[in-house]
Amino acid sequence: MEFRLLYWLQGLHSEYSDVIFRNISALGNKGLVWIIPALLMLFNKKWRKCSAMMLFALFASFIVGNCLLKNIVMRPRPCWTDPSVELLIKCPKDYSFPSGHSYSSFSAATSIFCFNRKAGTAALILASLIAFSRLYLFVHFPTDVISGMMLGIITGVVSSLLINKLSDSRKTQI
């Protein structure tokens, strides 16, 4: 069933959409689209707490997703299983489950949403596009992406709760 969806998505390719989704996916590479703004937010007192939420969530998603789950589950990627599909990006070398792009994007975007709903909504839209691009590019199964999204939302919420609790306890000590 998962391959059926992936093959159907291959039928949507066009010169225009290929460029769009290749570039959207590249935004999620190494989480830089989330790390750079998080680091810049450190210099703005109003957004410093959001920065801490994002950085904690991104670190947690890297450890849980890339270091633990990918190496425990060891799920092959669809492009490894069916190499006949021509890839638009370099074939990833790490395992497929969960989607790291989806996990990191949703953990950061959810952190932003917990801090500021308007900015968070825009971030969640971008995270969704990044997640979809991984299916479009034939490098993840739908369950990899859905799991990455769900784990990211959980990680983002937990990160926000933790940073808020730390911030509140610090205020009561002062």
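Heads up: these notes are all about the structure in this document.

Cut-offs and rules
Residues numbered from 1 in each chain as written. Predicted model: local features only at pLDDT ≥ 70, side-chain atom pairs only at ≥ 80, totals over all residues. Heavy atoms only, no water. Helix = DSSP H or I, 4+ residues; strand = E, 2+ residues; numbered from the N terminus. Buried < 20%, exposed > 50% of the residue type's maximum accessible area, 1.4 Å probe, protein only. Polar contact = N/O pair within 3.5 Å; in protein donor to acceptor, adjacent residues only side chain to side chain. Expected span 1.5 Å × (residues − 1). Arc of directions from axis to C-beta.

1. Observations concerning the environment of N23
Alright, step 1. Note that N23 resides in helix α2 (residues 15-27).
Alright, step 2. Owing to a relative accessible area of 47%, N23 belongs among the partly exposed residues under this scheme.
Alright, step 3. The spacing of N23 and S133 is 110 residues in sequence and 8.9 Å in space, taken between C-alpha atoms.
Alright, step 4. Here the side chain of N23 touches V19 through a polar contact of 3.0 Å, landing on its backbone oxygen.

2. With respect to helix α6 (residues 100-115)
At 3.6 residues per turn, the α-helix brings residues three or four places apart onto the same side.
Alright, step 1. Helix length check: α6, at 16 residues, gives a terminal C-alpha distance of 23 Å against a target of 22 Å (1.5 Å per residue), a fit within 8%.
Alright, step 2. Judged by how many residues are buried, α6 sits mostly within the fold: 13 of 16 residues are covered.

3. Points about helix α1 (residues 2-10)
Alright, step 1. For α1, the complete set of buried residues consists of L6, L9 and Q10. Here the buried residues of α1 occupy an arc of 110 degrees about the axis, which is enough to place them on one side. Away from the buried face of α1 by more than 90 degrees, exposed residues R4 and W8 are located.

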